[in-house]
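Secondary and tertiary structure notes
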Amino acid sequence: MPEVNISDIDILFPVEGDGAALEKALESVFREAEEQIAKGATFLVLTDRRMNRQYVPIPVLLALSGLHHHLIRKGLRTSVGLIVETGEAREIMHVASLLGYGANAVCPHIGFSTIRDMVESGFFHSPVTAERATDNYITAIKKGLLKTMSRMGISTLRSYFGAQIFEIVGFKKEVVDKYFTGTPSRVEGI
């Protein structure tokens, strides 16, 4: 069995940053991914867990899709799995979008923390453990993904990975071409 080598990559940029700072941070993520792959990484975890007062998360879909397409252009995408650990993913569509743009797995850490907090604070009417409530959340996400995919005629998750069966509204062509390559966008914007 091949050796598993997991590397974390922070997807953060300065809180006072502008569009140029965001672009610079994305380029840094891409560079770090290439370096980690060269060192033998088999999985890259894009994470926003270490956000703080100085650094805020790069929008996770932007970071993931941009990296996915960067690695395709470099011929490296098939050599590494992409895992997203983010507070942004809370609902089924968030997870569906991330999977559709190249994530091999998604860890919605804020969703999990919220569930644990709700259990510990007695939010639920009937007694439930944090583990059981988390399992229920995961089951709901899985069922929602299955329903979402089946509406499009997709029967396996593998067929959905990186499929990009979405349309973008409101981004300039240059942004779509660089970070969401191949996604239809008939209405431009920022």
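Up top is the structure these notes are about.
In what follows, the accompanying structure is described. (Residues numbered from 1 in each chain as written. Predicted model: local features only at pLDDT ≥ 70, side-chain atom pairs only at ≥ 80, totals over all residues. Heavy atoms only, no water.)

With respect to the overall build of the protein
- Secondary structure summary: the protein contains 7 helices and 6 strands in total.
- Mapped from its N terminus to its C terminus, the protein presents α and β elements in the order β-β-α-β-β-α-β-α-β-α-α-α-α.
- Its C-alpha atoms give the protein a radius of gyration of 18 Å, within 12% of the compact-globule value 16 Å for 190 residues.
- Counting over 190 residues, the protein shows a buried share of 38%.
- Taking the contacts inside the protein whose residues are at least 6 apart along the sequence as the reference set, 62% of them involve residues at least 24 apart.
- For the protein, the exposed surface amounts to about 11100 Å²; the carbon and sulfur share of it is 56%.
- The centroid of the 21 positive side-chain charges in the protein is displaced by 6 Å from the centroid of its 22 negative side-chain charges. (Helix = DSSP H or I, 4+ residues; strand = E, 2+ residues; numbered from the N terminus. Rg over C-alpha atoms; globule rule 2.2 N^0.38 Å. Buried < 20%, exposed > 50% of the residue type's maximum accessible area, 1.4 Å probe, protein only. Contact = heavy atoms within 4.5 Å. Areas by Shrake-Rupley, 256 points an atom, 1.4 Å probe, with all protein chains shown as cover. Lys, Arg positive; Asp, Glu negative; His and termini not counted. Charge placed at Lys NZ, Arg CZ, Asp CG, Glu CD.)

Things to note about the side chain of Asp48
- Relative to the assigned elements, Asp48 resides in the loop between strand 3 (43-47) and strand 4 (55-57).
- Arg49 provides the closest opposite charge to the buried, salt-bridge-free Asp48, at an N-O distance of 6.7 Å.
- Polar side-chain contacts of Asp48 include one of 3.1 Å to the backbone nitrogen of Gly87.
- Discounting chain neighbours no more than four positions away, the residues touching Asp48 are Ile11, Leu12, Pro57, Glu85, Thr86, Gly87, Glu88 and His109. (Salt bridge = Lys/Arg side-chain N within 4 Å of Asp/Glu carboxyl O. Polar contact = N/O pair within 3.5 Å; in protein donor to acceptor, adjacent residues only side chain to side chain.)

Some details on the sheet that holds strand 5 (residues 81-85)
- Taken in spatial order, the 4 strands line up as 1-3-5-6 in an open sheet, and their pairing is parallel. Of all strands in the sheet, those with a lone pairing partner are strand 1 (6-10) and strand 6 (105-107), marking the two edges. Ignoring strand direction, the axes of neighbouring strands in this sheet form an average angle of 25°.
- As defined by bridge partners, strand 1 adjoins strand 3 across 5 bridges and the pair is classed as parallel. Pairing of Ile9 across the sheet is with Leu46, part of strand 3.
- Against the sheet, helix 1 (residues 19-38) touches strand 1 and strand 3, its axis set at about 165° to strand 1. (Pairing = 2+ DSSP bridges. Axes fitted to C-alpha atoms, helices over the stretch in contact; angles between N-to-C directions.)

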